[in-house]
4 protein chains.
Amino acid sequence: MSPVSLLLSAKAKARFDAFSDGVFAIVITLLVLELHVPAGRQHLASTLGEEWPRYLGYFVSFAFIGGIWVAHSTISHFIEAVDATLMRLNLVLLLFVSLLPFTTGILATHLFASVLPIDRVTEPLPGFGPERLAVVVFGANLTLAALMTFLVVRHVDKTDELAPDDRVEEELRGFTRGRGTAVVLQALATVVGVFLPVVAVVVYLGLAIFFFVDPLWIERVRRRVRNQST
Amino acid sequence: MSPVSLLLSAKAKARFDAFSDGVFAIVITLLVLELHVPAGRQHLASTLGEEWPRYLGYFVSFAFIGGIWVAHSTISHFIEAVDATLMRLNLVLLLFVSLLPFTTGILATHLFASVLPIDRVTEPLPGFGPERLAVVVFGANLTLAALMTFLVVRHVDKTDELAPDDRVEEELRGFTRGRGTAVVLQALATVVGVFLPVVAVVVYLGLAIFFFVDPLWIERVRRRVRNQST
Amino acid sequence: MSPVSLLLSAKAKARFDAFSDGVFAIVITLLVLELHVPAGRQHLASTLGEEWPRYLGYFVSFAFIGGIWVAHSTISHFIEAVDATLMRLNLVLLLFVSLLPFTTGILATHLFASVLPIDRVTEPLPGFGPERLAVVVFGANLTLAALMTFLVVRHVDKTDELAPDDRVEEELRGFTRGRGTAVVLQALATVVGVFLPVVAVVVYLGLAIFFFVDPLWIERVRRRVRNQST
Amino acid sequence: MSPVSLLLSAKAKARFDAFSDGVFAIVITLLVLELHVPAGRQHLASTLGEEWPRYLGYFVSFAFIGGIWVAHSTISHFIEAVDATLMRLNLVLLLFVSLLPFTTGILATHLFASVLPIDRVTEPLPGFGPERLAVVVFGANLTLAALMTFLVVRHVDKTDELAPDDRVEEELRGFTRGRGTAVVLQALATVVGVFLPVVAVVVYLGLAIFFFVDPLWIERVRRRVRNQST
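Within each chain, residues carry numbers counting from 1 in the order of the written sequence. Ligands are numbered from 1 and chains lettered from A, in the order in which they are written. Thresholds applied to this predicted model are a pLDDT of at least 70 for local features of residues and 80 or more for the giving and counting of side-chain atom pairs; totals over whole chains, interfaces and linings are not thresholded and use all residues. With hydrogens and water excluded, all non-hydrogen atoms of the structure serve as input to the side-chain values.

Participant: Looking at this structure, how should I read the overall build of chain A?
Facilitator: A tally of helices and strands in chain A yields 9 helices and 0 strands. Exposure is judged per residue with a 1.4 Å probe applied to protein chains only, and the accessible area is read against the type maximum: over 50% gives exposed, under 20% gives buried, and values in between give partly exposed. Scored against the burial criterion, the 230 residues of chain A give a buried share of 61%. Look at the contacts in chain A between residues 6 or more apart in sequence, and 83% of them connect residues 24 or more apart. Accessible area for chain A stands at about 9100 Å²; split by element, carbon and sulfur atoms hold 66% of it. We count a stretch as a helix when DSSP gives it H or I for four or more residues in a row; a strand needs E for two or more, and each element gets its number in order from the N terminus. Contact between two residues is taken to exist if any of their heavy atoms lie within 4.5 Å; hydrogens are not considered. Areas reported as accessible are Shrake-Rupley estimates using a 1.4 Å probe. Residue values count occlusion only from the protein chains shown.

Shown next as structure tokens:
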């Protein structure tokens, strides 16, 4: 294999996109398997009511993966080719993304544990109970996925051969900074999870929605500015 | 990220298509996981006979998702580019589509409950029994997915920068109206589900098949008209 | 939606391909979920040995879906555009393809039942035992999938607007005949399943492999002929 | 079907890529289903600690599939068309790739068995215990997948009509040799598994990471050489 000939290859980029889209699409859809259908003998309404931590986890992960996917297709928009490093950084990103149904399941099961009737709790909650561990494991997964997104973007930013022209350079730099901020905020929220597990999950949701909605707001502002200047 | 440069991007549209196709393909295939294979010790013929609510749910969801996918690729046919709003509206649409295996499972399990031998029913059926709740939850999911499809189509219709030329405008308007009607009919059928659960499921199936087959009928008529005018 | 404008649309064809490839890829991969990993307490070697009907079912379905996918991409090779009828015929084909993990599971579980130690069989085997039913349900699914493939090919063959030029007409006719033969043979094998369940499964496997390998053999002959005439 | 007209078909190649990317993406994501979320009543921290053989198996398979996918898109980069043989060799490769979640599950469950508290082991470990069998089955699967990758590459190398020009010939030959070496090393590691199961798994991981990272190292060297010569 000659990575040199891979460089600047549009064909390799098409497969880079297709494979990544595949993984994102599957992971975002597999999340639904963590939502358990109550069995025929259980009381449907109360069971659905009790399962809210699962739905919360589902929405956090869906919004987070949606946000990462939007970022990923933005990167894809900036580049013309992929190199061997980019392909591998991307695979590590996909590793952490594809772990999310697992860590979301841990969060949903053990955040749920804390609101269970007392008789179903079989262990005391010492210094670092299962809730905290679940919230921190989930937060660490989100942080690592955000970190890999940042590293992918930064690699594109630093490698001149990948980007088609110089005009995008400034945009790319701003985008890289934005992804860096996302890593720091997510890491801080994970640290909060050690002390206040439930609060941290709400912060995770807030961050996921913020990074999902954020560009929309920018777009509206820019469009208004453009319209005024015309 | 500069949403402005995303606008009118054919590259971003390719990924928009690929990601959506991926999610639709996975969801329509995951539905099969809700069809349980009877274990070796059960009587196969009678078990398969008892499981008809599962097969009914499967066909409703398959036809519904098939119809949404056809609508989605029709939208894709009308546009040349995607903007940040379209990507997000689409992700919310995909959220409700990817919830369908879960709500189909709820429908299948609890519509089934009503035809179970009496001794397996462990709860009385008060005012709002599990059947009704299951049918309404499933109907609400279908309604929300139909609503998001409508909002996606309407956004494309309203945003001049996305559509390639003016000739499609009239078609696009008619298509938007059609999707709006679908939302209203699906919402009405869901209301019927509160009072007549089983009837509502049959209406869901009818609507899914109607919106799936509908364009076929139009095509035949148009083709005949075209042939006569030649 | 104007099906007339959909006609001859290369864009719609790209999504037709992508969605179909997605469903085929997912179904062929989901089959693996029917192969149960023996739990830690079971004796691994003997369990793996007992599970042979599952592996047989897996290979039949894998070879069958592989063959259908090759046929599907051959169709795709012949056409330049899709119309509304083709999209719907294709969705019905995908319906029967995506049911295969379910019917393969039924086959694997109940063909397995017949080789279980006697004490685990809890029902007498009357005229139409579970084995036969399982083999016939699976065969019917294969037959319906083969039938839809035939109908898709025939629609392409009959609709002049879909194929790019006249030169392929003869090839297309031969291909349609071949797919018709596949339907008849698969239907006959399913009838055999009523009387000789185990034999029928072997015939299913033979047919799947034959239709998978068949074009290879033709290619070798043609290549040799071409080389001799040069 | 005329394989001759399939030959040199860019359209068929697009579907070859899309279908393969789909299968790779799904398999690499399905692996996560083998990671069990501990139930609410279990002690989370200790359960996560005990489950390390599952995580080890997950990483081996993820790195291995990632490496095969990189190799696959490199092949795709070399060719302009697909023939009937290539499509079938590729489907057999995908067969062994899609079996990996199953054999990874066997490895994870039975490598785990050996570190279970004694009272949970219900069988004596004779000459060829479940651990060894699990490690060998998993290694055989990796070897067969590596072998099919080699056969796919060699077929491309030997078939002049598939590669676009002569310049890539030397690179292609080197790539084929590299994939051959991978098969031999993986087969040797599997033999080691008969005697030293746990060591073999570590070697599997090492090989997977080596073939994943290897081209990166080459790229750095070449880039440095290129920069010095400028």
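After that view, the rundown keeps rolling.
Participant: I would appreciate a short explanation of the nonpolar core in the present structure.
Facilitator: Most often, soluble globular proteins keep nonpolar side chains buried together rather than apart. Ranked by internal contacts, the top residues of the largest apolar core, which has 279 residues, are Phe-19 of chain A, Phe-19 of chain B, Phe-19 of chain C together with Phe-19 of chain D. Ranked by the residues each element gives to this core, the list is headed by helix α4 (residues 52–78) of chain A, at 14 residues. In this view, Phe-19 of chain A contacts Leu-91 and Leu-94 of chain A together with Asp-21, Phe-24, Ala-25, Ile-28 and Trp-69 of chain D; residues no more than four positions away in its chain are not counted. Only buried Ala, Val, Leu, Ile, Met, Phe, Trp, Tyr and Cys residues count toward a nonpolar core, and they belong to the same one when joined by side-chain atoms within 4.5 Å.

Participant: What am I meant to see in the packing of helix α4 (residues 52–78) of chain C against helix α5 (residues 84–98) of chain D here?
Facilitator: How two helices pack is summed up by the angle between their axes together with the distance between the axes. Axis separation between α4 of chain C and α5 of chain D bottoms out at 11 Å; the angle between their running directions is 140 degrees. One finds that α4 of chain C runs oblique with respect to α5 of chain D. Classified by chirality, the crossing of α5 of chain D by α4 of chain C is right-handed. For the pair α4 of chain C and α5 of chain D, contact is made by Tyr-58, Phe-59, Phe-62, Gly-66, Trp-69, Val-70 and Ser-73 of chain C and by Met-87, Arg-88, Leu-91, Leu-94, Leu-95 and Ser-98 of chain D, respectively. Inter-axis angles, ranging from 0 to 180 degrees, are taken between N-to-C directions of lines fitted to C-alpha atoms, where helices are fitted over the stretch in contact. To sort the angles, those under 35 degrees are grouped as roughly parallel, those over 145 as roughly antiparallel, those from 65 to 115 as roughly perpendicular, and the leftovers as oblique. Crossing handedness is defined as follows: a turn of the near helix away from the far one that is anticlockwise and smaller than a right angle gives a left-handed crossing, while the clockwise case is right-handed.

Participant: It is not clear to me how the pattern of salt bridges should be interpreted in this structure. Could you clarify?
Facilitator: Any two side chains of opposite charge can pair, on the condition that their charged atoms come close. A pairing counts as a salt bridge when a side-chain nitrogen of Lys or Arg comes within 4 Å of a carboxyl oxygen of Asp or Glu. Per the counting criterion, the structure on display carries 20 salt bridges over all chains. Salt-bridge contacts for Asp-17 of chain C lead to Arg-15 of chain D; the nearest nitrogen and oxygen are separated by 3.5 Å. Here Arg-15 of chain D lies in helix α2 (residues 10–30) and Asp-17 of chain C lies in helix α2 (residues 10–30), a pairing that spans two chains. In this pair, the class of Asp-17 of chain C matches that of Arg-15 of chain D, namely buried. Between Lys-13 of chain D and Asp-17 of chain D there is a salt bridge; the shortest N-O distance is 3.1 Å. With Lys-13 of chain D and Asp-17 of chain D both in helix α2, this residue pair falls 4 residues apart, about one helical turn. Given the relative accessible area of 8%, Lys-13 of chain D is considered buried. By relative accessible area, which is 12% here, Asp-17 of chain D ends up buried. What emerges from the salt-bridge pattern is a single network uniting Lys-13, Asp-17 and Asp-21 of chain A together with Arg-15 of chain B.

Participant: Would you explain the packing of aromatic side chains in this entry?
Facilitator: The geometry of an aromatic ring pair comes down to the distance between the two centres and the angle between the two planes. For Phe, Tyr and Trp, where Trp contributes only its six-membered ring, two rings pair if their centres lie within 6.5 Å, and the inter-plane angle classes them as stacked under 30 degrees, edge-to-face over 60, or tilted in between. Taken as a whole, this structure holds 24 aromatic pairs over all chains when the rule is applied. Centroid distance Trp-69 of chain C to Phe-19 of chain D: 4.2 Å. Interplanar angle 20 degrees. Geometry classified as stacked. With one member in each of two chains, Trp-69 of chain C in helix α4 and Phe-19 of chain D in helix α2 form a pair that bridges those chains. Across the pair, Phe-19 of chain D and Trp-69 of chain C agree in class, each one buried. Aromatic ring contacts, followed pair by pair, group Tyr-58, Phe-59 and Phe-62 of chain A into a single cluster. A cation sits over an aromatic face here: Arg-88 of chain B above Phe-212 of chain A, 5.6 Å from the ring centre. When the NZ atom of lysine or the CZ atom of arginine is within 6 Å of a ring's centre and also within 35 degrees of its normal, the charge is said to sit over that ring.

Participant: Looking at this structure, I do not really get the confidence of the model for chain A. What am I missing?
Facilitator: Note that predicted coordinates carrying low pLDDT should not be read in detail. All names here are of chain A. Looking at any residue, its pLDDT shows the predictor's confidence there, from 0 to 100. Residues at a pLDDT of 70 or more form 77% of chain A, whose mean pLDDT is 81. Contacts of residues 1–8 to residues separated by more than four positions or lying in other chains number 31 contacts, the stretch itself having pLDDT below 50. Here the predicted complex scores 0.86 on pTM and 0.82 on ipTM.

Participant: Looking at this model, I keep getting lost on the packing of helix α7 (residues 130–158) of chain A against helix α8 (residues 169–195) of chain A. Mind explaining?
Facilitator: Residue and element names in this part refer to chain A. In the contact formed by α7 and α8, the axes pass within 8 Å of each other and the chain directions differ by 165 degrees. By the criterion of interaxial angle, the relationship of α7 to α8 is roughly antiparallel. Seen from above, α7 lies across α8 with left-handed handedness. Here the residues of the contact of α7 with α8 sort into 15 nonpolar, 8 polar and 5 charged. All residues other than Ala, Val, Leu, Ile, Met, Phe, Trp, Tyr, Cys, Pro, Asp, Glu, Lys and Arg, Gly among them, are scored as polar; the first ten of these are nonpolar and the last four charged.

Participant: Help me out: how do you make sense of α7 of chain A in this one?
Facilitator: An α-helix turns once every 3.6 residues. As a result, residues three or four positions apart point the same way. Given a rise of 1.5 Å per residue, 29 residues ought to cover 42 Å, and the 41 Å separating the end C-alpha atoms of α7 of chain A matches this to within 8%. Buried residues dominate α7 of chain A, accounting for 21 of its 29 residues. An expected span of 1.5 Å times one less than the residue number is assigned to each helix.

Participant: Is there a simple way to think about the environment of Ala-134 of chain A in this case?
Facilitator: Position of Ala-134 of chain A among the secondary structure elements: in helix α7. Residues Ala-134 of chain A and Arg-88 of chain A, spaced 46 residues apart in sequence, show a C-alpha to C-alpha distance of 28 Å. Discounting residues that sit within four places of it in the chain, Ala-134 of chain A has contacts with Ile-106, Leu-107 and His-110 of chain A together with Leu-44 of chain D.

Participant: Teacher, can you tell me more about a nonpolar patch on the surface here?
Facilitator: All names here are of chain A. Each patch is built from residues that are more than 30% exposed by relative accessible area and take part in no salt bridge. Like charges join if they lie within 9 Å; nonpolar side chains (Val, Leu, Ile, Met, Phe, Trp, Tyr) join within 5 Å. Together, Val-191, Val-192, Phe-195, Leu-196, Val-199 and Val-203 make up a nonpolar patch on the protein surface, roughly 500 Å² of accessible area in all. For the nonpolar patch, the secondary-structure elements that each account for two or more residues are α8 and α9 (197–229). Per-element tally for the nonpolar patch: the top contributor is α8, with 3 residues. We classify Val-191 as partly exposed; its relative accessible area is 47%.

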